[in-house]
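Listed here are the chains, written in short residue letters.
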Amino acid sequence: MALAPVSRTSLPDEVFGQLVDGILGGELVVGEALPSERALAETLGVSRPAVREALQRLAQSRLVAIRQGESTTVRDWTTSAGLDLLPHLLVAGGKLDPTVIESIIEVRQLVGPLVAGHAAERRDDGDVARLREILDELTTATDDTARQQIALRFWDQVVIAARSIALRLLFNALRDAYEPLLEATGPLLHDEVTHIAGYRAIVDAIAAGNADASRVAASELLARGSRAVEELLSRLDAE
């Protein structure tokens, strides 16, 4: 892998980013030993503490294994990494990866109804009141980027009402991957984020404590965005 000197803005971030790109792109192969801290620092033109911090972040993301007194080796991220890797996978080499988009949409379609069902069973009056407030904001929003931001807050509140730490962390990872793309995805998800009746159906079902109706309403709403993404990916494949 050819490494390039980095700028002085955020050294650990840039070192981390270069190494992540190398691992995800296959230039740094599974089982390969990385150069020493000293060698990496010299090649990249940064300090050893900056390299050390980046390597620790790689280890926390389960992309490398650091063993005291031994070399740092590349792990197989497909079997070791967690959801925090999604944003890096989504935009690889400066380009969106359609397969990762498709995967995120699939998970969203599966998990959304599950979260909505739990929310109906576990919500309290405060959850319902907050959902109705957010729905009012969504109704008066004037552009798709704003609508998507409000929709994220809507689902955030649904997750809060579901009271599941595992679903909370899963939602956080999906949101972190999706949030930087709001402007680009605005037109794509227009049919979903403007379907106020769909959001209202979810809120009413949650308020009534009807888990089945909540799951159905969530599935129908999210399917609008899923269809738009599937149609886009089909067009890209055809081209």
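Conventions adopted
Residues numbered from 1 in each chain as written. Predicted model: local features only at pLDDT ≥ 70, side-chain atom pairs only at ≥ 80, totals over all residues. Heavy atoms only, no water. Salt bridge = Lys/Arg side-chain N within 4 Å of Asp/Glu carboxyl O. Helix = DSSP H or I, 4+ residues; strand = E, 2+ residues; numbered from the N terminus. Buried < 20%, exposed > 50% of the residue type's maximum accessible area, 1.4 Å probe, protein only. Phe/Tyr/Trp six-rings, centres within 6.5 Å; stacked < 30°, edge-to-face > 60°. Core = buried A, V, L, I, M, F, W, Y, C linked by side-chain atoms within 4.5 Å. Contact = heavy atoms within 4.5 Å. Axes fitted to C-alpha atoms, helices over the stretch in contact; angles between N-to-C directions. Parallel < 35°, antiparallel > 145°, perpendicular 65-115°, else oblique. Left-handed = near helix turned anticlockwise from the far one by under 90°. Nonpolar A, V, L, I, M, F, W, Y, C, P; charged D, E, K, R; others polar. Expected span 1.5 Å × (residues − 1). Polar contact = N/O pair within 3.5 Å; in protein donor to acceptor, adjacent residues only side chain to side chain. Patch = residues over 30% accessible without salt bridge, like charges linked within 9 Å, V, L, I, M, F, W, Y side chains within 5 Å. Areas by Shrake-Rupley, 256 points an atom, 1.4 Å probe, with all protein chains shown as cover. Lys, Arg positive; Asp, Glu negative; His and termini not counted. Charge placed at Lys NZ, Arg CZ, Asp CG, Glu CD.

(A) The pattern of salt bridges, seen in detail. Tallying each qualifying case throughout the model produces 16 salt bridges. A salt bridge links D156 to R168, with the shortest nitrogen-to-oxygen separation between them at 2.5 Å. Of the two residues, D156 sits in helix α8 (residues 144–162) while R168 sits in helix α9 (residues 165–178), which places them 12 residues apart along the sequence. When the shortest N-O distance is used, the salt bridge between D191 and R224 registers 3.0 Å. Of the two residues, D191 is situated in helix α11 (residues 190–193) and R224 in helix α13 (residues 211–238); the sequence distance between them amounts to 33 residues. Exposure remark for R224: the relative accessible area of 22% places this residue in the partly exposed category. If you follow the salt bridges from partner to partner, you end up with R130, E133, E137 and R153 in one network.

(B) Main features of the packing of aromatic side chains. Tallied over the full model, the rule gives two aromatic pairs. Between the aromatic rings of F154 and W155, the centroid separation amounts to 5.7 Å while the plane-to-plane angle is 85 degrees, which identifies the pairing as edge-to-face. A centroid spacing of 5.1 Å and a plane angle of 85 degrees characterise the contact between F154 and Y199, whose relative ring orientation is edge-to-face. With F154 in helix α8 and Y199 in helix α12 (residues 196–208), the pair connects residues that are 45 residues apart, well separated along the chain.

(C) Examining the nonpolar core more closely. With 61 residues, the main nonpolar core has L58, F154, W155, V158, Y199 and I202 as its most contacted residues. Element by element, the count of residues in this core is highest for α8, at eight residues. If we ignore the near neighbours within four places in the chain, the residues touching I202 are F154, W155, S214, A217, A218 and L221.

(D) Molecular detail of the packing of α8 against α12. Two numbers describe how α8 lies on α12: the axes approach to 12 Å, and their chain directions differ by 15 degrees. Judged on the interaxial angle alone, α12 and α8 are roughly parallel. You can see that α8 and α12 cross each other, and the crossing is left-handed. Here A151, F154, W155 and V158 of α8 come into contact with α12, specifically with Y199, I202, V203 and I206. A breakdown of the residues in the contact of α8 with α12 according to their chemical character gives eight nonpolar, no polar and no charged.

(E) Structural context of unusual backbone geometry. Phi at R62 is positive, roughly 60 degrees, even though this residue is not glycine. Looking at the element boundaries, R62 is found in the loop between α3 (48–60) and β1 (64–66).

(F) Broad picture of the environment of A120. If you trace the backbone, A120 turns up in helix α6 (residues 98–122). Remark: the alpha-carbon pair of A120 and N172, spanning 52 residues in sequence, is separated by 20 Å.

(G) Geometry of the packing of helix α7 (residues 125–140) against α12. With their axes 10 Å apart at the nearest point, α7 and α12 run at an angle of 170 degrees to one another. Of the possible angle classes, the one that applies to α7 and α12 is roughly antiparallel. Within the contact between the two elements, α7 uses V128, L131, R132, L135, L138 and T139 and α12 uses I196, Y199, R200, V203, D204, I206 and A207. Grouping the constituent residues of the contact of α7 with α12 by class yields nine nonpolar, one polar and three charged.

(H) Summary view of α8. Taking 1.5 Å of rise per residue, the 19 residues of α8 would be expected to cover 27 Å, and the 26 Å separating its terminal C-alpha atoms lies within 8% of that figure. Capping of α8 at its N-terminal end is provided by D143; its side-chain oxygen lies 3.0 Å from the backbone amide nitrogen of T145. Backbone geometry just downstream of α8 places R163 in the positive-phi region, at approximately 50 degrees.

(I) Highlighting a negative patch on the surface. Residues E102, E106, E230, E231 and D237 make up a contiguous surface patch of negative charge. Only α6 and α13 provide two or more residues apiece to the negative patch. With respect to the element layout, E102 can be found in helix α6.

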